[in-house]
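Architecture and fold: a report
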Amino acid sequence: MNEKINELRKKSMSLPLSPGVYIMHDKSGKIIYIGKAKALKNRVSQYFGSQNNHAEKVRRMVDNVDDFEYIITDSEFEALILECSLIKQHTPKYNILLKDDKGYSYIRISDEKWRKITYALQKPDDGATYIGPYKSSYYVKNAVEEAVKIFKLPTCNRKFPADFRKGRPCLNYHIKQCMAPCTGKISFKEYNESVNQAIAFLKGGSGESIKQLTEEMNIAAENLEFERAARIRDKIQAVKKMGTKQKVVANKVKDQDVIALMSDGDKGCFQVFRFENGSLVDRESFIVDGISGNEEELSEFIISYYTMRDTIPKNVTLDREISDFEVTEKWLSEKKGSRIYINIPQRGEQAQLVQMCKNNAAEAIAQLKGRTSREYTVLEELKNLLKLDRIPEYIESYDISNLAGTENVAGMVVYEKGKPLKSAYRKFKIKGFDGQDDYASMAEVLERRFDEYEKEKDTNEGFGRLPDLILLDGGKGQVAAVRQVMSYKGVNVPLFGMVKDSKHRTRAITDEGHEIAISPHRKVFTFVSSIQDEVHRFAIGYHHQRRSKNTFKSSLTDIEYVGETRAKALLKYFRTIENIKNADLQELEQAPKMTKNAASAVYNYFHKTD
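A brief look at the structure comes next. Keep in mind the model is a prediction, meaning the values are calculated, not measured.

1. Here we look at the pattern of salt bridges
Scanning all chains against the criterion turns up 24 salt bridges. A salt bridge links Arg 537 to Glu 534; the shortest N-O distance between them is 2.9 Å. Taken together, the residues Arg 537 and Glu 534, both in helix H15 (residues 522-557) and three residues apart, mark about one turn of the helix. For Arg 537, a relative accessible area of 43% corresponds to the partly exposed category. A relative accessible area of 12% places Glu 534 in the buried class. One network of salt bridges, with partners in common, ties together Lys 4, Glu 7 and Asp 66.

Here it is in structure tokens:
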């Protein structure tokens, strides 16, 4: 906690309600954050108020602030211009600073008889032929991969003709994506023809390539070279198919950038799709630490991104609202020298492009965190639906099970990164009272769980780790009962109940105040339903286990010479009542803790005749 927080709050309350730029310094005087504000007093004072509403990155920044200064401007737009200039000059630690590692890319054609086509980020003097440069590495990489696939060129490191017949052809040959010159069955003339066709495709595009290939096919047919004509026909079809595939990521808006943000409350990924003439020509991905996913962060990214980019399209399409919308739009327009439009589509083709961009951002975060994009997106959707501060990577869920108040037990299941973590499952036997009271039972279980946390919190494992979210199988009553426990224990974890309908199917999520419908959110609905089904299965399974054991024990303890300890030993040794019943007298005598009298009594009990 920043010891100077009260002093800084007092200073911030004396600021004017004017637009301007504020500059945060640490104890050494170093600038650690620069921001702009429409009203300096309102904006800066927010930092030094309650820390509960701040993202983790902001809390860390505030903890390091020793002092701040400010510069008043005539307008919010002037504040934005000044902010950009100062950030570029000082590169503060807590601002979003993007590393521009984007260079030129080339298509490389190797200098050897059996040429190979690859893509390269540099142009060394190695004798190879280079086509380019191109601004978009994404475009070059995809174009080369498509050309190699269409014209069935090798991507391996084998040298020809030196490596002819030295090994079996690879998988690409078997899936018909390589002509496999390594087999020694492909002539140099045929191979060289395919390389030339691929180069023509890369230089002239699909339209020109189809035209040239069609001419070659017709000539081959006229010369009665039907096999060659058939091969060229197949290449034409592959080029056309590739063109159809590209239309999936094309749109009616000719020139635009689509920008989306995904965050797990810690790391964020800003994804940019760049379209020219209606086709996707570039894609950029930026992973940034300490991103919570709010409007200000996306606004800050846009300024940072276009500060280092020379080209700005007429349309910039976003996945969410941003702070300072009009000011940002004006800044982009002035930088480009013509009107720029920022759009946040809700439906149609543009919304689908935004979702595609967002899915790719999710995939980048998912790979970084070691999970699938599907698991990540459902957790991100759950985070947004419940208005959580961070992605709920670690979820605990609880359910109570009993039969008319007997054998009152509870089960706890854990989901980590969207998957069940069965090693963390736990069982509870209700000890505080007899009879049926689901609210009191749930309160007791969570109180015991938080008591264990206090004992083990230094380990950050098992009960020593607090979850990102707690889901109770129940409604407002269960939530209210546990909320009291959490308040008493000083535990601050998001808490919700999972409500079922009359057919015992998941219907909604609830807190103490209102219900949140989840049926319109298909991924969340499926995910939450699976958690509720799993915790119910686990709790009722433990309940049945307790009832069965006690039934077995009660039937054994009815036998002379058999008390609870001996009954427990018998069950442990023979596993089931049926095995005890089928055991002969000698087997019973050899069992642990058994005597001859006890063995005879057990044997006679199960073999008595009417």
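2. Quick word on the sheet that holds strand S5 (residues 117-120)
The sheet built from three strands is open, its strands ordered S5-S4-S6 with antiparallel pairing. With one partner strand each, in any of the chains shown, S5 and strand S6 (129-134) form the two edges of the open sheet. Within this sheet the neighbouring strands show an average axis-to-axis angle of 20°, counted without direction. Sheet topology places strand S4 (residues 105-109) next to S6; four bridges connect them, and they run antiparallel. In the sheet register, Ile 107 faces S6, and the bridge partner there is Ile 131. Against the sheet, helix H5 (residues 137-150) engages S4, S5 and S6, with an angle of about 170° to S5.

3. What about the sheet that holds strand S9 (residues 279-289)?
Read across the open sheet, the five strands follow the order S9-S8-S7-S10-S11; overall the sheet is mixed. Edge positions in the sheet fall to S9 and strand S11 (341-343), since each of these pairs with one other strand and no more. Shown here is a sheet whose adjacent strand axes are inclined to one another by a mean of 20°, direction ignored. As paired strands, strand S8 (residues 267-276) and S9 are joined by ten bridges and run antiparallel to one another. Within S9, the residue paired with Val 272 across the bridge is Glu 284.

Reading guide: rules and limits
Residues numbered from 1 in each chain as written. Predicted model: local features only at pLDDT ≥ 70, side-chain atom pairs only at ≥ 80, totals over all residues. Heavy atoms only, no water. Salt bridge = Lys/Arg side-chain N within 4 Å of Asp/Glu carboxyl O. Helix = DSSP H or I, 4+ residues; strand = E, 2+ residues; numbered from the N terminus. Buried < 20%, exposed > 50% of the residue type's maximum accessible area, 1.4 Å probe, protein only. Pairing = 2+ DSSP bridges. Axes fitted to C-alpha atoms, helices over the stretch in contact; angles between N-to-C directions. Contact = heavy atoms within 4.5 Å.

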